[in-house]
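Fold and geometry: a report
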Amino acid sequence: MKRLTLNVQQSWWSMGGLGSKGKEWSTEERFEKIAEAGYSGIAARLPDPQEKESWQRLLEKYRFSFGVMTQPRSTKEIVDTLHAAAGFGPVSYVNAQVMDAFLIGDEAIRLLEEILEASERARIPVYIETHRGTVTQDLQRTVDYCSALRRLPLTIDLSHYVVAGELNGTSERAEAYFDQLLGHTACIHARVSDGEKIQVDVGPDGDHPMVKHFQRWWRKAMTHWAAQAKPGDALPFVTELGPPGGYAITRRDEAGNVVEISDRWQQTQLFKRMAEALWAEVTADMK
């Protein structure tokens, strides 16, 4: 049996607005909370130069893996990011939301191919995220890119296609397209959509009806990845529940304050446990 691992990371962006006693957690407190929750790493943008040493210290202290998030618009921008990542220290991979949605067809394919070539030269993996507002904006377009670029490694975040396609459940055609993308899995971002909202409250026990579909897709993604992985490889699984301002659903309390309707940190950890349970099933099937 191949020795493979699941690298469960927490999105740094998802830590926005989280805290206790009415105060948002500091950088050090965020690292501590993520470590206490049992994560093995984080996914974040490269820190500003003045924060570089403190981030390096904290990553080493907690023995965290580090996935770098970026939004390149050109080959030069991804090359610059890869150079900065190499200079920062150990980076597991770079996650690219390739801009923008109006770049299509052969021009988009050329840019994606150049990004992969830059990745190979830098010897740092670059994964292309399935995301609205980017070159992978729609499902069919991304399937075409995968057909043109057989080695295209994807960060799978199907919430964007579920909400774009108003999939309150699934469909036979969507499943066929999803299967093609899942075969390119290099990383997974975890969020649940109901086809109307990009991010829903799944409940403290994850009993929202869409959870079973996302768990099935995550399990398929893990299975596809494991079948192609090499001994010693690790699959990044990033819990990525967004803060208010487009993602977390909010309401106003009696004082007029904007508050979230669910406990985002609790649900983040619920997704982590789901991922670990699914991974245990996948690895058991491989024995």
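Located above this text is the structure these notes cover.
Residues numbered from 1 in each chain as written. Predicted model: local features only at pLDDT ≥ 70, side-chain atom pairs only at ≥ 80, totals over all residues. Heavy atoms only, no water.

**Notes on the packing of aromatic side chains**
Note on aromatic pairs: each is described by the distance of the centres and the angle between the planes. Short version of the rule: Each pair of aromatic rings taken from Phe, Tyr and Trp, with Trp reduced to its six-membered ring, is defined by centres within 6.5 Å and is described as stacked if the planes are under 30 degrees apart, edge-to-face if over 60, and tilted in the remaining cases. Starting at the N terminus, helices and strands are each numbered in turn, a helix being any DSSP run of H or I of at least four residues and a strand any DSSP run of E of at least two. Relative accessibility decides the category of a residue: with a 1.4 Å probe and only protein chains considered, values under 20% of the type maximum give buried, values over 50% give exposed, and everything between is partly exposed.
Going through the model one piece at a time under the given rule, you end up with 17 aromatic pairs. An angle of 85° between the planes, with centres 5.4 Å apart, marks the rings of F31 and W55 as edge-to-face. Here the residue F31 occupies a position in helix α1 (residues 27–36), and W55 occupies one in helix α2 (residues 52–61), the gap between them amounting to 24 residues. Take F31: its relative accessible area is 0%, and that puts it in the buried class.

**Some points on the pattern of salt bridges**
So the rule is basically this: Here, a salt bridge means any side-chain nitrogen of Lys or Arg that lies within 4 Å of a carboxyl oxygen of Asp or Glu.
Inspection of every chain in the model, using the stated rule, returns 15 salt bridges. For D157, the salt bridge is made with R191, and the minimal N-O distance between the two is 2.8 Å. Of the two residues, D157 sits in the loop between β8 (154–156) and α6 (159–164) while R191 sits in the loop between β9 (185–190) and α8 (211–228), which places them 34 residues apart along the sequence. For the residue pair D157 and R191, the accessibility class agrees, reading buried in each case. The closest approach of N and O atoms between R219 and E281, which form a salt bridge, is 2.8 Å. Within this pair, whereas R219 is found in helix α8, its partner E281 is found in helix α9 (residues 264–286), the two being separated by 62 residues in sequence. By relative accessible area, R219 is classed as partly exposed at 24%. E281 sits in the partly exposed class, given a relative accessible area of 39%.

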